[in-house]
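Residues per chain, in single letters:
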Amino acid sequence: MIVPAAGVRIDPLTSDDIPDCVVLERLLFAGDSPWTDAAFAGELAGRDTRYFAARAPDAGLVGYAGIALLGSADARESEIRTIAVDPRRRRAGIGTRLFDTLLAEADRHGGPVFLEVRTDNEPAIALYRRYRFDVLGVRKRYYQPSGADAYTMCRPVEPVPLDERSVS
Ligand SMILES: CC(C)(COP(=O)(O)OP(=O)(O)OC[C@H]1O[C@@H](n2cnc3c(N)ncnc32)[C@H](O)[C@@H]1OP(=O)(O)O)[C@@H](O)C(=O)NCCC(=O)NCCS
């Protein structure tokens with residue numbers, strides 16, 4: 001369990017959190033088919049998915065994030081499924097703590113990390129760029145019913161410097 005300075009802690013998201021997640025989803029993704037109870041339940045039940053909650057001592061759930069660990073043993077990759085922070089708690093480092101937790105899972109799994117983000121979502125794009133995610137391309141009208149475009153972004157695998165590679 002990670003305990004950030006402000007007393008917010010990061011731990012696994014559970015089915016008891018789903019109603020709070022759904023409230024935040026409707027607030028944050030109103031025009032883009034916010035996830036329902038069933039969608040969250042399906043994600044939490046997935047064998048390859050990992051979901052985390054950010055909890056504040058005074059407010060309960062203040063954010064959530066999830067990742068899917070995909071691919072086969074010789075071609076692994078991960079996909080960021082979602083990340084969201086309560087608007088009243090933004091710019092306090094909670095998104096960073098959640099994203100660190102997702103990327104720690106991705107690093108243990110191995111391979112590149114992909115995500116989709118609305119092309120007009122400047123806060124999220126700024127967050128991802130801090131972690132060396134680059135734009136791979138644009139998916140036209142990816143979000144519905146809004147019809148907003150998405151960037152596909154990727155954090156490539158860190159190349160191992162030549163002098164650190166094992167020589168056989
Ligand atoms: C994206 C999001 C999760 C960031 O959460 P947060 O808790 O505010 O993030 P942090 O406080 O950790 O910010 C980390 C960095 O992200 C960038 N960032 C965050 N909000 C930003 C904003 N409004 N404008 C510009 N950059 C921003 C900054 O680089 C920031 O670092 P800084 O505060 O030192 O400048 C949050 O804005 C959110 O929930 N947005 C709505 C849901 C969403 O769009 N999710 C992404 C779907 S793809």
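An unreviewed UniProt entry lists the protein under the name Ribosomal protein S18-alanine N-acetyltransferase, with Skermania pinensis as the source organism.

Another point: the site of the ligand. By nearness alone, 20 residues border the ligand, and Ile-83, Val-85, Thr-96, Asn-121 and Arg-130 come closest of all. Take Ile-83: an N or O atom from its main chain is 2.8 Å from a nitrogen atom of the ligand. Within the side chain of Thr-96, a nitrogen or oxygen atom sits 2.5 Å from an oxygen atom of the ligand. Here the ligand, which alone exposes 930 Å², has 76% of that area covered by the protein. Secondary-structure elements contributing two or more residues to the shell around the ligand are strand E4 (75-85), helix H3 (94-109), strand E5 (113-118) and helix H4 (122-130). The greatest single-element share of the shell around the ligand, amounting to six residues, is contributed by H4. Along the lines of polarity and charge, the residues of the shell around the ligand split into twelve nonpolar, four polar and four charged.

On to the side chain of Glu-105. Along the chain, Glu-105 turns up in helix H3. For Glu-105, a relative accessible area of 14% puts it in the buried group. Filtering out sequence-adjacent residues up to four positions away, Glu-105 remains in contact with Arg-50, Phe-52, Ile-67 and Leu-69.

Scoring rules and cut-offs
- Residues numbered from 1 in each chain as written.
- Predicted model: local features only at pLDDT ≥ 70, side-chain atom pairs only at ≥ 80, totals over all residues.
- Heavy atoms only, no water.
- Near = heavy atom within 4 Å.
- Polar contact = N/O pair within 3.5 Å; in protein donor to acceptor, adjacent residues only side chain to side chain.
- Areas by Shrake-Rupley, 256 points an atom, 1.4 Å probe, with all protein chains shown as cover.
- Helix = DSSP H or I, 4+ residues; strand = E, 2+ residues; numbered from the N terminus.
- Nonpolar A, V, L, I, M, F, W, Y, C, P; charged D, E, K, R; others polar.
- Buried < 20%, exposed > 50% of the residue type's maximum accessible area, 1.4 Å probe, protein only.
- Contact = heavy atoms within 4.5 Å.

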